[in-house]
Structure formats: structure tokens, C-alpha cells
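# Secondary and tertiary structure notes
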Amino acid sequence: MKPASTAVSTIVTLVLFRALCAEAKTVISVEDVQSIRVDLDLSNVVRRVDERFLSVAIDASLIAEEKFMNLLNSPKLRTLAKALIPAFLRFGGTKQDFMKFNPRGRYFQARENSSTAVLGNVCKRLELPPLLENRLKQEWVLQSKTLLQEELEGKYKKTKFSEYAVDLLYAFANCSGLDLIFGLNALLRTSENTWDSTNAELLLKYCESREYVMSWELGNEPNSYEKKAGIRVDGHQLGQDFVHLHQILQESAVYNSTGLYGPDIGQPRDHRKDLLTGFLESGAEAITACTWHHYYVNGRDTSLEDFLDPHVLDTLATKINEVLETTESVSPGKKVWLGETSSAYGGGAFGLSDTFVAGFMWLDKLGLAAKLGLDVVIRQVLIGSGTYHLVDDNLDPLPDYWLSLLYKRLVGPEVLKAEVHTNSGQKKPIRVYLHCTNRKSTHYRQGTVTLFALNLNKNEATISLPAHMANSTIEEFVLQSAEAGEQSLYSRSVKLNGQVLKMVDDRTLPPLEGRELPPGAHIKLPGFSFAFYVLTEARAPLCK
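Rules behind the numbers
- Residues numbered from 1 in each chain as written.
- Predicted model: local features only at pLDDT ≥ 70, side-chain atom pairs only at ≥ 80, totals over all residues.
- Heavy atoms only, no water.
- Helix = DSSP H or I, 4+ residues; strand = E, 2+ residues; numbered from the N terminus.
- Contact = heavy atoms within 4.5 Å.
- Areas by Shrake-Rupley, 256 points an atom, 1.4 Å probe, with all protein chains shown as cover.
- Pairing = 2+ DSSP bridges.
- Axes fitted to C-alpha atoms, helices over the stretch in contact; angles between N-to-C directions.
- Disulfide = S-S within 2.5 Å.
- Phe/Tyr/Trp six-rings, centres within 6.5 Å; stacked < 30°, edge-to-face > 60°.
- Buried < 20%, exposed > 50% of the residue type's maximum accessible area, 1.4 Å probe, protein only.
- Lys NZ or Arg CZ within 6 Å of the ring centre and 35° of its normal.
- pLDDT = per-residue confidence, 0-100.
- Core = buried A, V, L, I, M, F, W, Y, C linked by side-chain atoms within 4.5 Å.
- Right-handed = clockwise from strand over helix to strand, strands pointing away.
- Expected span 1.5 Å × (residues − 1).
- Left-handed = near helix turned anticlockwise from the far one by under 90°.
- Nonpolar A, V, L, I, M, F, W, Y, C, P; charged D, E, K, R; others polar.
- Salt bridge = Lys/Arg side-chain N within 4 Å of Asp/Glu carboxyl O.

Counting its regular elements, the chain contains 12 helices and 23 strands. A sequence separation of at least 24 residues applies to 82% of the contacts in the chain between residues at least 6 apart. Accessible surface for the chain amounts to roughly 22,500 Å². Of this, 49% is attributable to carbon and sulfur atoms.

Written out as C-alpha cells, the structure reads:
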């Protein structure tokens, strides 16, 4: 048994009722009152994830028409992206395997400069004028529908992009402070079905001449190449393709020590489990981290119920463990990333993936991924086609953006142990995770920890701390739907401690202020909500 100074026992008394969700046509049974204990172990760091653990993607579909890359010069989008650093910015997705670099001699300088003032001037010069931004946003709505139809039909048009698109992408990453990862086309094949690197070398040579600091990927979801392009690439060949790319990078003065990530396979399925094993056997030495993709459900036939179902959320753990076991057996010690992920595949679930209810899947995924040992999680998508983006058509932040921003500010890379105990064998409607508080949040003293919790039930949960913690200072950040009633979970707005979150202006985010609980007060987690609780007097020795 751990001493009281290192193990905190929390008694959670819940009145568990499930209600009729009329809109989703979901009948949920009434359950008895349960007492739930949450143990918080402050004595041991279970994992340490990358400081860029929560990262974001721009879908390669944005480049289908090059003019839409200019949206990346929106001051609003830059403001939102910059608030999420440190983070990787992945540029990839299905479209990356249907795009080809086509130099046209049209470019501008967008590389880093040692002078902050000079970089600031470049970023300022590239800002999108409001009239042009509004026009592009309107046209992008129509473009998104065209791309969605392409996805539904499974017929993907080939696209060419120029130096100008590369410059716009790099300028966005550079001006926002994000670490760019560019996804190369792996479906350019030779007659022997090996990767044809000619076009990639052309792009690399251009980026090298501009001194663009970036990392690389090759291909997106190779397990679906046969379905999307009529080409089958086995794991062994895929690994050899990565070795070939790695050799090219080794010969570059700029990219000889850059990151190379892959193979960006879809989540493990019985008929293609051999793909990852074969890839790692031939190509593990070439990659910096092993990447795979995960979505909980099919966006075309899911429901509100799925987004709140503990059984659905728990499927992630099974997939994570499968990938970790495979990777460790072939390439011990290799880091594993969720290289692309969101709630629902097929572009997201309409009316769900961009609403408040999607936050339950997103926050639980962040907690579970860090707990089980994934090093980075890249969210699909900051901007791009689909309905799982972090910003809306006007580039205004959606609920998952605000959730991501709070996570970034409050949650550090050190993972601690939080465990819920219940006498019943039923799935728990309260899910909790524990980390050291982000040490870059200078507002908090050393040794502070952040507990974050999800309430998948409609009724409030009361969390009581034991006597020796009763007078501890707790700062709470409770996120709830901005709307009330049956439609609340479908809201595209969110409240923090009762206040609706929205940008002050295109360059200014609101202060995300916590609410200090009175000493001895119970923690109350409202129904259908998630929250961060900063325990400022935890004095966790490993969080200093």
C-alpha cells in the first residue's frame, strides 16, 4: 500500500441514470447508485510523451486547387495554430498519393531567418487581405463538397502543385511556429512496383535550395492502395521504399538528420495485419517513429450513442496494444505515433464530428494514448475537407479546438496513474487521467498535477477528496455545451465555466481562466461534460 503522501484516494459518489436521447432514438436504462473510488498515484511517472504530443494536420486536399493554399495566410488561422505550439504540422492524407510536384518558377522566400524581426516582416507581408479571405472561404465551401463527393465515389483526381504551394505551406508552419512534416506520394511506381523517387527528389531539391527545415513521410494508408488505385504494395516492399527515401535524405546537406515517419497504415485489421510486420522487418531502421491511423467509427452510419459509449471508446486500447506489440516484437524501442486520427473515418460524421459531443472521443483518446505509450497524436484536421476539422467554414474555432487549447495549456508530458475502482462490472461513465501540469504554465507552482475527467452520463458526479486533501487548492476548467436541452450535444459552441468561448478578434484569443474552488468544496462534474482540475498543492515530487 502506498503512503498517503503519494497516493490520493478519491471517493466519487454518483447517481447514475440514463435518459432517453430523443434525437438519437437511444433508450438507456436506469442504474443503481454507485460509489466509485479514484486512486491518484503521485509517486511514479508511468510515461513521458513528446512535448508535441497533441499535434495537428492539414489535409492534402487543400492543395487540389492551389489557390486555396492562400487560406493559410489568414491571420485568424495563424493565431489559432500558434496557440497550439509546440506541435507538429502534418501535411498529408489520401490526396497526397495523387499529387505531383510541378515546378513553374513561381515562388517566394518563406524560410526561417535568424532575425525575428525579419521573419515577422515576412509573415506580415503574406497576410491575406480580408476581401480575398472572405471570397476564398466562400469558394472553399463548394470545393469541400466536390472533394467529399470524390471521397464517397472512391475516385481520386490527380493533382499538380507548384513551388508557390510549398512556399505557402512552409510560411504557415514557420509563422505559426509548427514543425512541418510533408507527406510524399508513394503511388508513383516503377514497372517493377518499386517507388519512383524522381518527383520526390525534384521537390526535395527545391526545398533544400530554400533551406526549408522539415520532416517527411511517404504514402498514406498503404493498406488501401488496392482499393483506391488498383495497386498492391506489400509490407516488405514498402519498407524498402522507405530505405530508398532514407538514403536520399542522407545525401542531403539539409535533410541528412531530419525525421522520417511511416508507414501511416490504417488501424490493424485481420486481412492486412501482415503489412506492418513486413514493413518493420525491412524498413524499421529507416524511420524515426512508426505511424498508424485510428478512427472509432464509420462516419456514414454512426450515431450520437457511439460517441458516448464506453465500449466504443475502449476499442482504441485494443488497437493501440496490437500496434505496440507488433512494433516492439520487430523493432524494440521504436517510438509509435498516431499519425492521423479523429472520431469517424470517411471524412467524419456529419452533425457529430464537429460538435460538442466529439470532445468525449477526442479527450479520451488523448488520455488513453499517453497512458498506453504513444508518443505523438496528430489530429485530423486543423483545416481541410471533411467534418472533423477544428475550425468551421469561417475559420472560427469549434469545440474540439478549445478542448485542444486547454489540454495544451494545462497538461504536461509526464503521465501519472489515475485508476477508477467500482464494485460493478459495468463500464464506467466517469473516465479520468492524470498528468503533471504543463510546466510552461508559469501561473502554477512546481509539483502541480492536472486531473482531467469525462462524464459520459447525463447526471452530475460529485467527487470528494479525503480529509488530508480537503483544504487543497483546486482550479477547475469545466467544458460544457453552450446550448441546453436535447440538442445540447450537437452544439458547435462550448462554455468554459459557464462562459461561451469565442475569439476576441482575429488576432486575439480569450483568457482561459479557471475557477478556484473554496477549500473543502466538493468537485462537481456536470452531466455530459469534461473538465480539467489543477491540484496546485499536490507537491508531486516528479512534477518539479
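Still more ground to cover, so stick around.
A word on the sheet that holds strand E13 (residues 376-383). Around the barrel, 8 strands lie side by side as E4-E5-E8-E9-E10-E11-E12-E13; this closed barrel has parallel pairing. Taken over all neighbouring pairs, the strand axes of this sheet differ in orientation by 30° on average, direction set aside. Here strand E11 (residues 289-298) runs beside strand E12 (residues 335-345); their pairing, made up of 9 bridges, is parallel. Paired with Ala289 across the two strands is Lys335, which belongs to E12.

As a further point, take the state of the cysteines. With the rule as written, the count across this model stands at 2 disulfides. Note on cysteine connectivity: Cys123 is disulfide-linked to Cys175, with sulfurs 2.0 Å apart. Looking along the S-S bond of the Cys123-Cys175 disulfide, the torsion reads about -100°, which is the left-handed sense. On the criterion of sequence distance, the pair formed by Cys123 in helix H2 (residues 116-125) and Cys175 in helix H4 (residues 163-176) is long-range, its members being 52 residues apart. Covalently, Cys436 is tied to Cys543 through a disulfide, its sulfur atoms 1.9 Å apart. Measuring the twist about the S-S bond at about -75°, one finds the Cys436-Cys543 disulfide to be left-handed. Of the two residues, Cys436 sits in strand E15 (residues 430-437) while Cys543 sits in the segment after strand E23 (529-535), which places them 107 residues apart along the sequence.

Right, let's talk about the packing of aromatic side chains for a bit. Within the structure shown, the criterion is met by 23 aromatic pairs. Ring centres of Phe356 and Phe360 lie 5.9 Å apart, and the angle between their planes is 90°; on these two criteria the pair is classed as edge-to-face. Residue Phe356 is classed as buried on the basis of its relative accessible area, which comes to 0%. Measuring from ring centre to ring centre gives 5.7 Å for Tyr401 and Trp402, while their planes differ by 75°; the resulting arrangement is edge-to-face. The exposure class of Tyr401 is buried, given its relative accessible area of 0%. Arg379 extends its terminal NZ or CZ atom over the ring of Trp362, reaching a point 5.0 Å from the ring centre.

Taken residue by residue, the chain gives an average pLDDT of 89. The fraction at 70 or more is 87%. Below a pLDDT of 50 lies the segment residues 1-34, which in the model reaches 82 contacts outside its immediate sequence neighbourhood of four places, other chains included.

Here we come to the nonpolar core. Formed by 133 residues in total, the largest nonpolar core has its most connected members in Phe91, Phe182, Trp216, Phe360 and Phe532. Top contributing element to this core by residue count: helix H11 (residues 358-372), with 10 residues. Of all hydrophobic cores here, the second largest spans 27 residues; its members include Leu416, Ala461, Ala531 and Tyr533.

All right, on to the environment of Gly447 then. Topologically, Gly447 is positioned in the loop between E15 and strand E16 (449-455). Taking C-alpha positions, Gly447 is 8.0 Å from Thr437, a pair spaced 10 residues apart along the chain. Setting aside residues no more than four positions away along its own chain, Gly447 makes contact with Ala538, Arg539, Ala540, Cys543 and Lys544.

Below, the discussion takes up the pairing of strand E5 (residues 88-92). With 5 of 5 residues buried, E5 is to be regarded as a mostly interior element. Side chains Phe88, Arg90 and Gly92 project from E5 onto one buried face, and the interleaved Leu89 and Phe91 project onto a second face that is buried too. Pairing analysis gives 4 bridges linking strand E4 (residues 54-59) to E5, with the strands arranged parallel. If you follow Ala57 over to E5, its bridge partner there is Arg90. Of the crossover connections in this fold, the one passing from E4 over helix H1 (residues 75-82) to the parallel E5 is right-handed. Relative to strand E8 (residues 179-184), E5 is paired through 4 bridges, and the arrangement is parallel. The residue bridging Arg90 from the neighbouring strand is Ile181, located in E8.

Right, let's talk about H1 for a bit. Where burial is concerned, most of H1 is hidden: 7 out of the 8 residues are buried. By the burial criterion, the buried members of H1 are Pro75, Lys76, Leu77, Arg78, Thr79, Leu80 and Ala81.

For helix H7 (residues 235-250), spanning 16 residues, the distance from its first C-alpha to its last is 23 Å, which sits close to the expected 22 Å at 1.5 Å a residue. Residues of H7 that are buried: Gly235, Gln237, Leu238, Gly239, Asp241, Phe242, Leu245, Ile248 and Leu249. Turning to H7, the residues buried within the fold contact E8, helix H5 (198-209), strand E9 (215-218), strand E10 (260-265) and helix H8 (274-283).

Okay, the packing of helix H10 (residues 310-330) against H11 next. Relative to each other, H10 and H11 sit at 30°, their axes nearing to 10 Å. Crossing angle aside, the handedness with which H10 passes H11 is right-handed. Counting all contacts with H10, which are made through Val312, Leu313, Leu316, Ala317, Ile320, Asn321 and Leu324, the residues of H11 involved are Phe360, Met361, Asp364, Lys365, Leu368, Ala369 and Leu372. In terms of residue class, the contact of H10 with H11 is built from 11 nonpolar, 1 polar and 2 charged.

Turning our eyes to something else, we now look at the pattern of salt bridges. Tallied over the entire structure, the rule returns 25 salt bridges. In this structure, Lys76 and Asp506 form a salt bridge, with 3.9 Å as the shortest nitrogen-oxygen distance. Placement of the pair is Lys76 in helix H1 and Asp506 in the loop between strand E20 (499-500) and strand E21 (515-516), with a sequence separation of 430 residues. Within the structure, one salt-bridge network assembled from shared partners comprises Arg90, Glu217, Asp264 and Glu340.

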